[in-house]
Amino acid sequence: MSQSQPPVADVTQPVTDDSIRVRHLSHYQFSWVAQEGGAPGAFTLQLVLDQGAWEEVVTVSAEDAEVLQALLRHHSDVAFDVGRRVVMFGTTPVGD
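Counting starts from 1 at the beginning of each chain's written sequence and moves along it residue by residue. Reporting of local features is limited, given that this is a predicted model, to residues whose pLDDT is at least 70; pairs of side-chain atoms are given and counted only at 80 or more, and all residues count toward the totals for whole chains, interfaces and linings. Only hydrogens and water are set aside; all other atoms, that is, all heavy atoms of the structure, feed into the side-chain values.

## Thoughts on the sheet that holds strand β3 (residues 54-60)
In this analysis, strands are considered paired if DSSP registers two or more bridges between them. For the purposes of this entry, the term helix denotes a DSSP run of H or I that reaches at least four residues, the term strand denotes a run of E that reaches at least two, and both are numbered from the N terminus. The strand order across the open sheet built from 5 strands is β3-β2-β1-β4-β5, with neighbouring strands paired in antiparallel fashion. In this open sheet, the two strands that pair with only one neighbour each are β3 and β5 (86-89). Looking at each pair of strands side by side, their axes are set apart by 40° on average, direction ignored. Pairing geometry for strand β1 (residues 22-33) and strand β4 (residues 78-81), over 3 bridges, is antiparallel. Of the residues in β4, the one forming a bridge with valine 22 is aspartate 81. Lying over the sheet, helix α1 (residues 62-74) contacts β1, β2 (42-49), β3, β4 and β5, oriented at roughly 140° with respect to β1. Axis definition: a line fit to C-alpha positions, over the contact stretch in the case of helices; interaxial angles, taken between N-to-C directions, run 0 to 180 degrees. Contacts are assigned to residue pairs with any non-hydrogen atoms lying within 4.5 Å of each other.

Next up, the structure:
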């Protein structure tokens, strides 16, 4: 009697840090960077992803920094799409 094996997924090898496109946000840090010549400063948001396996720094406006900080405080499940540079705030079941 022959037992059939389940099909194996065709995954491009090797799987590397660069091939992982969506990562979980572990920690974040806002910073303010002074600009030269009296120009207004710039806010940056450093995203520490997958417990430090990847980091991303994005420049944000003061208004965006305020909104993002509020969202980050109220969501425990946050992901970041590295390729599209999109922050995603958890999931919500339909109807909630």
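## Some points on the packing of aromatic side chains
The geometry of an aromatic ring pair is captured by the separation of the ring centres together with the interplanar angle, meaning the angle of the planes. In this analysis, rings of Phe, Tyr and Trp, with Trp reduced to its six-membered ring, are considered paired at centre separations within 6.5 Å, and the interplanar angle assigns stacked below 30 degrees, edge-to-face beyond 60, and tilted for intermediate values. Inspection of every chain in the model, using the stated rule, returns 1 aromatic pair. Their ring planes at 80° and their centres at 5.9 Å tell us that tyrosine 28 and phenylalanine 30 sit as a pair that is edge-to-face. Between buried and exposed lies partly exposed: a residue is buried under 20% and exposed over 50% of the maximum accessible area for its type, with that area taken using a 1.4 Å probe on protein chains only. Overall, tyrosine 28 belongs to the partly exposed group, its relative accessible area being 31%.

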